[in-house]
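Observations on chain architecture
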Amino acid sequence: MSFPAFLVLATFVTGLIWAMDALYFAPRRQQRAAAPAEHGESEGTARAGAAPKEPYIVDLARSFFPIVLIVLVVRSFVVEPFRIPSGSMMPTLLVGDFILVNKYSYGIRLPVLNRKVIDIADPARGDIVVFRYPENPSVDYIKRVVGVPGDHIAYRNKILYINGNQAEQSPVAAYVGVGGGARMTGASHRTEDLLGVKHDILVDTRRADMNFEFVVPEDEYFVMGDNRDNSRDSRFWGTVPDENLVGKAFFIWMNWDSKTDGFVDWTRLGSTIE
């Protein structure tokens, strides 16, 4: 069972137990507690006015219902945490980054069903999005949108072209990786301009080119990793349908990489994602 499904089930069960007790069982307990006094029984038999003891399961449900409800609402409609397990989005996101994802950027969706009920906005070129992997929707992926519906995308000699316009690249320096990303040391660190949206990428000139052309279908998005030669993305498995979108990544709140000295990279805490 997925975590969203567990939250929905836990909210339903605890809420149902609490509601049934409040509407049916609690009044009956009150009646039974008041019965001895009404029939004139001695105080030693039952103390008049004493509150009946609430069953343990009801007390548990009453305590947990608001907690799981709040977690469900926040996680489903407001913000959700994720951890970056790989280096496919280096240098923007590093191995071990803990990020927050805005769940309402691209519309309000029902938990578990993932059906959009309120349309808010569409992903734009340059957005870093979390989505359910089209080949296995139980797995969440994170990539950058480089093509929106109708775009003609081409990739030649490690250069991206959008509708015939080259996404200009400016060299930064030779990249020096750390921890889980140390193997990318020596890659070419560049700044790419996605027709007005600038961001950093890594290019491994030692890897063979992967040239292609593609027209993005309606209601789908072409995504790529910023670590261009070390990312399994739309070049391999196709576009991301709108229905698979989870949200927009916007904040790094923690970095924990067991392969670095000290494990925690304090410089990344509180960083915005661009």
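Below is a short write-up of the structure. Because the structure is predicted, anything quoted here is derived from the model rather than measured.

What counts, and where the lines are drawn
- Residues numbered from 1 in each chain as written.
- Predicted model: local features only at pLDDT ≥ 70, side-chain atom pairs only at ≥ 80, totals over all residues.
- Heavy atoms only, no water.
- Helix = DSSP H or I, 4+ residues; strand = E, 2+ residues; numbered from the N terminus.
- Polar contact = N/O pair within 3.5 Å; in protein donor to acceptor, adjacent residues only side chain to side chain.
- Contact = heavy atoms within 4.5 Å.
- Pairing = 2+ DSSP bridges.
- Axes fitted to C-alpha atoms, helices over the stretch in contact; angles between N-to-C directions.
- Core = buried A, V, L, I, M, F, W, Y, C linked by side-chain atoms within 4.5 Å.
- Buried < 20%, exposed > 50% of the residue type's maximum accessible area, 1.4 Å probe, protein only.
- Phe/Tyr/Trp six-rings, centres within 6.5 Å; stacked < 30°, edge-to-face > 60°.
- Lys NZ or Arg CZ within 6 Å of the ring centre and 35° of its normal.

Focus: the side chain of Gln 169
Mapped onto the elements of the fold, Gln 169 is located in strand β10 (residues 169-174). Side-chain polar atoms of Gln 169 contact the backbone oxygen of Lys 158, separated by 3.0 Å. Ignoring anything within four residues of it in the chain, the contact list for Gln 169 reads Lys 158, Ile 159, Arg 190, Thr 191, Glu 192 and Ile 201.

Quick word on the sheet that holds strand β12 (residues 198-203)
Pairing is antiparallel across the open sheet formed by three strands, whose spatial order is β10-β11-β12. Of all strands in the sheet, those bounded by a partner on one side alone are β10 and β12. Sheet twist, expressed as the average angle between the axes of neighbouring strands with direction ignored, equals 30 degrees. Relative to strand β11 (residues 188-193), β10 is paired through five bridges, and the arrangement is antiparallel. Among the inter-strand pairings, Gln 169 is bridged to a residue of β11, identified as Glu 192.

A look at the nonpolar core
One finds Leu 93, Ile 99, Ile 128, Ile 142, Ala 249 and Ile 273 to be the most contacted residues of the largest nonpolar core, which totals 13 residues. Among the elements of the structure, β2 (97-102), β5 (128-132) and β16 (245-255) are those that each provide at least two residues to this core. With three residues, β16 is the single largest residue contributor to this core. Beyond its immediate chain neighbours, meaning those up to four positions away, Ile 99 contacts Glu 80, Pro 81, Phe 82, Ile 84, Leu 93, Ile 142, Ala 249, Phe 251, Ile 252, Trp 253 and Ile 273.

Observations regarding the packing of aromatic side chains
As enumerated under the stated definition, the model contains 14 aromatic pairs in all. Geometrically, the ring pair formed by Tyr 133 and Tyr 141 is stacked, given 4.2 Å between the ring centres and 5 degrees between the ring planes. Look at Tyr 133 and you get buried, because its relative accessible area is 9%. We classify Tyr 141 as partly exposed; its relative accessible area is 22%. With a centroid separation of 5.9 Å and 25 degrees between ring planes, the pair formed by Tyr 155 and Phe 212 is classed as stacked. Remark: Phe 212 occurs in strand β13 (residues 212-215) and Tyr 155 occurs in strand β7 (residues 152-156); sequence separation between them is 57 residues. The ring centre of Tyr 161 lies 4.4 Å from the NZ or CZ of Arg 156, which sits over that ring. When the ring centre of Tyr 155 is taken as reference, the NZ or CZ atom of Arg 235 above it lies at 5.6 Å.

Observations regarding unusual backbone geometry
For the peptide bond that leads from Met 90 to Pro 91, omega is 5 degrees, which places it in the cis range. Looking at where Pro 91 falls in the secondary structure, it is placed in the loop between β1 (79-83) and β2. Non-glycine residue Asn 157 carries a positive phi angle of around 55 degrees. Following the sequence through the fold, Asn 157 ends up in the loop between β7 and β8 (159-162). Despite not being glycine, Phe 263 shows a phi value in the positive range, around 70 degrees. When its relative accessible area of 37% is taken as the criterion, Phe 263 is described as partly exposed.

Here we look at the side chain of Asp 204
Relative to the helices and strands, Asp 204 is located in the loop between β12 and β13. Look at Asp 204 and you get buried, because its relative accessible area is 7%. Among the polar contacts made by the side chain of Asp 204, one reaches the side chain of Arg 206 at a distance of 2.9 Å. In this view, Asp 204 contacts Lys 158, Asp 229 and Asn 230; residues no more than four positions away in its chain are not counted.

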